[in-house]
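# A structural walkthrough
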Number of protein chains: 2
Amino acid sequence: MAEQTQFEELGRQFSAVGAVHRDLRRVLPHDCPSGSAAVLTLLGRYGDMRMSKLAELLSVDMSVTSRSVAHVVDRGWIERSPDPADKRSRILRLTPAGQAMVDDLARRTTDLLAERLGDWTDDEVAQLIRLMARLKDSFGDCRPPHARPPHPSQSATAAAAAPAPTSAPVLEATATRTSA
Amino acid sequence: MAEQTQFEELGRQFSAVGAVHRDLRRVLPHDCPSGSAAVLTLLGRYGDMRMSKLAELLSVDMSVTSRSVAHVVDRGWIERSPDPADKRSRILRLTPAGQAMVDDLARRTTDLLAERLGDWTDDEVAQLIRLMARLKDSFGDCRPPHARPPHPSQSATAAAAAPAPTSAPVLEATATRTSA
DNA sequence: TATTGTTATACTCTATAACTATA
DNA sequence: TATAGTTATAGAGTATAACAATA
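What counts and how
Residues numbered from 1 in each chain as written. Chains lettered and ligands numbered in written order. Predicted model: local features only at pLDDT ≥ 70, side-chain atom pairs only at ≥ 80, totals over all residues. Heavy atoms only, no water. Axes fitted to C-alpha atoms, helices over the stretch in contact; angles between N-to-C directions. Helix = DSSP H or I, 4+ residues; strand = E, 2+ residues; numbered from the N terminus. Parallel < 35°, antiparallel > 145°, perpendicular 65-115°, else oblique. Contact = heavy atoms within 4.5 Å. Nonpolar A, V, L, I, M, F, W, Y, C, P; charged D, E, K, R; others polar. Near = heavy atom within 4 Å. Polar contact = N/O pair within 3.5 Å; in protein donor to acceptor, adjacent residues only side chain to side chain. Buried area = accessible area lost by both parts, 1.4 Å probe. Salt bridge = Lys/Arg side-chain N within 4 Å of Asp/Glu carboxyl O.

## A closer look at the packing of helix α2 (residues 34-46) of chain B against helix α5 (residues 96-116) of chain B
Residues and elements named next belong to chain B. For the pair α2 and α5, the least separation of the axes is 9 Å and the interaxial angle reads 110 degrees. In terms of orientation, α2 and α5 fall into the roughly perpendicular class. Contacts between α2 and α5 pair A37, L40 and T41 from the former with M101, V102 and L105 from the latter. Its residues assigned to classes, the contact of α2 with α5 comprises five nonpolar, one polar and no charged.

## Quick look at the protein's contact with DNA strand C
By nearness alone, 25 residues border DNA strand C, and R26(A), R88(A), S89(A), G35(B) and H146(B) come closest of all. Backbone atoms, meaning sugar and phosphate, make up 68% of the atoms of DNA strand C lying within 4 Å of the protein. Side-chain polar atom of S89(A) to a phosphate oxygen of DNA strand C: 2.5 Å apart, as the coordinates give it. Of all elements in the fold, only α3 (51-58) and α4 (62-74) of chain A together with α2 and α4 (62-74) of chain B reach the threshold of two or more residues within the surface near DNA strand C.

## Overview of the protein's contact with DNA strand D
Near DNA strand D you find 24 residues, and of these G35(A), H146(A), R22(B), R26(B) and R88(B) are the closest. For DNA strand D, the backbone makes up 68% of the atoms found within 4 Å of the protein, where backbone means sugar plus phosphate. Within the backbone of G35(A), an N or O atom sits 2.5 Å from a phosphate oxygen of DNA strand D. K87(A) has a polar backbone atom sitting 3.1 Å from a phosphate oxygen of DNA strand D. Residue assignment for the surface near DNA strand D shows that the elements contributing at least two residues are α2 (34-46) and α4 of chain A together with α3 (51-58) and α4 of chain B.

## A short note on the interface of chain B and chain A
Contact with chain B, which involves 59 residues of that partner, is made by 60 residues of chain A. When chain B packs against chain A, close to 6100 Å² is buried across both sides, 68% of that on carbon and sulfur atoms. Our count for the chain B to chain A interface comes out at six salt bridges. The partner of E9(A) in a salt bridge is R45(B), and the shortest N-O contact between them spans 2.9 Å. Where the side of chain B that touches chain A is concerned, the elements lending two or more residues are α1 (4-25), α2, α5 and α6 (122-139) of chain B. With 18 residues, α1(B) is the single largest residue contributor to the side of chain B that touches chain A.

As structure tokens, this is what we get:
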């Protein structure tokens with residue numbers, strides 16, 4: 001196990017990274033705040049899914065997710081269709097305009113990172129990605145206590161660690177869990 | 001230079017780390033939100049300083065800093081004394097109660113990290129710290145455009161990269177720059 | 001009775017702009 | 001005229017709780 005002083009220092013570094021995150025937010029389109037961008041990006045990466053699964057991937061309460069999704073729906077970037085398997089549920093799906101926005105967001109973020117990290121080696125970036133992913137993994141479900149389900153979901157981490165599938169495994173996984 | 005797809009992936013990882021950051025916020029005392037915690041932690045690390053220097057270290061606009069500082073002053077954790085060298089300015093200093101809070105904050109953060117990252121090696125934590133610091137360094141001054149000074153400050157990065165000095169070099173550096 | 005999702009409320013963070021006091 | 005700092009206002013993120021509809 002690492003030393004105490006290291007953890008202290010690591011804690012401080014989070015604020016620094018927060019500043020970088022704010023900087024990244026500034027390159028987003030005016031009508032697409034970071035909450036909306038996160039919704040679109042996750043839908044683009046994991047495909048159609050339900051609100052509850054999206055909330056899990058976002059690591060926030062579903063009420064937060066609901067508001068973000070409503071914003072994105074208003075702009076025509078995603079559509080909510082009823083889930084035939086569960087009438088309480090709704091399936092979220094990117095529209096063509098939404099997919100275009102996903103592409104635009106990726107381009108903006110990538111451009112800024114490429115500009116700022118122009119002198120980083122391929123390996124350094126890969127290492128940072130790996131350690132950040134491991135960090136998230138070590139923390140597990142980061143949602144507020146009351147939003148965490150009693151049955152620790154086994155599909156969440158697996159989906160989040162997947163190498164960007166193009167189909168809709170997340171949706172299927174959720175449907176499976178319901179009947180388990 | 002790293003590949004495009006890497007930057008895209010790195011961009012996504014920021015949201016994941018944001019979730020971890022939210023989790024860390026939850027262990028803070030009820031009357032010490034993350035903005036106040038950041039103020040106290042920086043004062044504890046770099047010693048007495050002026051508002052403008054604190055804003056620079058926080059990477060936010062001074063108006064944000066001002067409000068956070070006011071909150072912390074209200075609770076008696078820091079005090080603002082007039083700067084004898086510049087009557088517009090005020091020097092911020094931790095009170096004994098503030099120092100106690102700094103210690104408490106460090107303990108809480110360290111405990112949570114030690115619990116979650118219990119299986120990380122010393123070297124892995126060190127690598128993550130190093131890469132996060134480099135990331136911040138590559139981004140430079142992350143404050144909103146209008147808050148950035150015309151003269152790119154040379155003391156900011158140096159101070160932020162310092163290995164936790166106990167005296168007040170930040171304050172001195174600022175005073176020096178004024179007369180330069 | 002439990003779960004899915006929405007809405008209402010409140011608090012924090014952040015940015016912009018207007019303002020005061022001093023350099 | 002420019003700078004240090006404060007205050008006002010607005011927008012976004014997040015959490016809690018109350019609620020409706022369905023399982």
